[in-house]
Structures are given as structure tokens and as C-alpha cells.
Amino acid sequence: MSRRSKKATPTGTAATRPTVTVCRGCCCGTLAKVPRLDHDAQLADLRTSLAGVASVRRTDCLDACERANVVVIQPSAAGRRAGGRPVWLGQVNDPGAAADIATWVRDGGPGVAEAPEILDLYTFTPSRRVRHELED
């Protein structure tokens, strides 16, 4: 059994919305790894387009550096009840991909709305350890 204690489940409006986690660590969000993208603008655009719809958070590293830039969409409470699970997207390196993510999340995200087919190109499954670290 893990020595880590589970964090309390948040209550209120934020708990009912999807969460979009944007990696901005050692590789994701850097010009050295992904040179032709305005990383700050990508994060700002997601925050602006999803204001009031989803929580958008920045994290230092999701440990999937080979797939920079990584974005994880966690379902809302309704999405989880409908069977939705977090969706990991890698190589989100163009404005169109971020716009497709925002549209999907505005439509409800995992478990509520079908993801645009184009996002299948970005979807990947990280290691179990990495998935559990994000959930903790």
C-alpha cells in the first residue's frame, strides 16, 4: 500500500469541470525542444478560450518529454460518471491542435463529447507510474 495519502476530492464548481493540464517543464514549453511555437501564447489561448468552462493548469513536467508538448484532459465529474478517463495528448505543437482541444473541452470533454478525430493523431498512453503521479 502506498504511503501517500489521497488528496481530498475538491468540491464546488472546479470539481465539476474538466481539467486541462499543460506541461511546461524541462522539454515541453521550451524553444530548444519545440522551436517554432509561442508556448506562452498557446497556454494563454487555452486559458482564455476555456475560461469558465474548464480549469487550465500549468505543470512543470509530466515525464513524457519525448512527446513535447504534452496536454492532459481530465474529465468533469459528469464525464467520469459516463466512463470518461484522462486523455493524454503529445506533440501539441500547432495552434490548430490547441483549438481542437479547446473545442472538445467546451463541448464537454472526455466521457461527455466525442473527441475530434484529428486528436487521435496526438493521443498516447503514458506509463502507469506517470498516470498515477498526475492523479495524485
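Being a predicted model, the structure only gives us computed values, none of them experimental.

Some points on the confidence of the model for the protein chain
Detailed reading of the predicted coordinates is not advisable wherever pLDDT is low. Averaged over the protein chain, the pLDDT score is 87; the fraction of residues at 70 or greater is 85%. Counting interchain partners and residues more than four positions distant, the pLDDT-below-50 stretch residues 1-11 has five contacts.

Notes on the packing of aromatic side chains
Counted by the stated rule, this structure contains one aromatic pair. Note on Trp88 and Phe124: the rings are 6.0 Å apart at their centroids and 75 degrees apart in plane angle, and the pair reads as edge-to-face. Of this pair, Trp88 sits in strand S4 (residues 87-89) while Phe124 sits in strand S5 (residues 123-124); the two residues are 36 residues apart in sequence, bridging distant segments of the chain. Here Trp88 and Phe124 have matching classes, each one buried.

Details of the nonpolar core
Within soluble globular proteins, side chains that are nonpolar generally end up buried alongside one another. Formed by 21 residues in total, the largest nonpolar core has its most connected members in Val20, Leu46, Leu50, Ile73, Leu89 and Ile101. Among the secondary structure elements, those contributing two or more residues to this core are strand S1 (19-23), helix H2 (39-49), strand S3 (71-74), S4 and helix H4 (95-107). Examining the composition of this core, we find that six residues originate from one element, H4, more than from any other. Among all residues touching Leu50, those that are not within four sequence positions of it are Val20, Val56, Ala102, Val105 and Arg106. Core analysis: the second largest hydrophobic core is formed by 14 residues, Cys23, Leu62, Val72 and Trp88 among them.

Details of the sheet that holds strand S2 (residues 55-59)
Taking strand neighbours across the sheet as the criterion, the five strands line up as S2-S1-S3-S4-S5 in an open arrangement whose pairing is mixed. Edge positions in the open sheet fall to S2 and S5, since each of these has one partner strand only. Strand direction decides the pairing type here: S1 and S3, joined by four bridges, are antiparallel. Opposite Val20, over in S3, you have Ile73 as the bridge partner. On the sheet, H2 packs against S1 and S2 and is oriented at approximately 160 degrees with respect to S2.

Topic: H2
Residues of H2 that are buried include every one of His39, Gln42, Leu43 and Leu46, and no others. The buried side chains of H2 occupy one side of the element, clustering within an arc of 95 degrees when seen end-on. For H2, the exposed residues set more than 90 degrees away from the buried face come down to Asp40 and Thr48. By the N-cap criterion, in which a side-chain oxygen at the helix start approaches the backbone nitrogen of a residue two or three places on, H2 is capped by Asp38, the distance to Asp40 being 3.4 Å.

What about the environment of Thr59?
Tracing the backbone through its elements, the reader meets Thr59 in strand S2. Spatially, the C-alpha atoms of Thr59 and Val22 are 6.2 Å apart, while their sequence positions differ by 37 residues. Those residues in contact with Thr59, other than ones at most four positions away along the chain, are Thr21, Val22, Cys23, Arg24 and Gly25.

What counts and what doesn't
- Starting from 1, residues in each chain are numbered consecutively following that chain's sequence as written.
- Only residues with pLDDT of 70 or above have their local features reported here, since the model is predicted, and side-chain atom pairs are shown and tallied only from 80 upward, although totals for entire chains, interfaces and linings are computed over all residues.
- Hydrogens and water molecules were not included; the side-chain quantities draw on all heavy atoms of the structure.
- Per-residue confidence from the predictor is reported as pLDDT, a score between 0 and 100.
- Whether two residues touch is decided by their heavy atoms; if any such pair falls within 4.5 Å, the residues are in contact.
- The pairing test for Phe, Tyr and Trp rings, Trp by its six-membered ring, is centres within 6.5 Å, and the orientation test on the planes gives stacked under 30 degrees, edge-to-face over 60, and tilted for anything in between.
- Secondary structure counts use DSSP, requiring at least four H or I residues in a row for a helix and at least two E residues in a row for a strand, with both numbered from the N terminus.
- A 1.4 Å probe rolled over the protein chains alone gives each residue an accessible area, and that area as a share of the maximum for its type sets the label: buried under 20%, exposed over 50%, partly exposed in between.
- As used in this record, nonpolar core signifies buried Ala, Val, Leu, Ile, Met, Phe, Trp, Tyr and Cys residues forming a set joined through side-chain atoms within 4.5 Å.
- In this analysis, strands are considered paired if DSSP registers two or more bridges between them.
- Fitted lines through C-alpha atoms serve as axes, helices being fitted only where they are in contact, and the angles separating the N-to-C directions of these axes extend from 0 to 180 degrees.
- Think of the arc as the fan of directions from the helix axis to the C-beta atoms.
- By the criterion applied in these results, polar contacts are pairs of N or O atoms within 3.5 Å in which, for protein atoms, one can donate a hydrogen and the other can accept it, and in which residues neighboring in sequence qualify only through two side-chain atoms.

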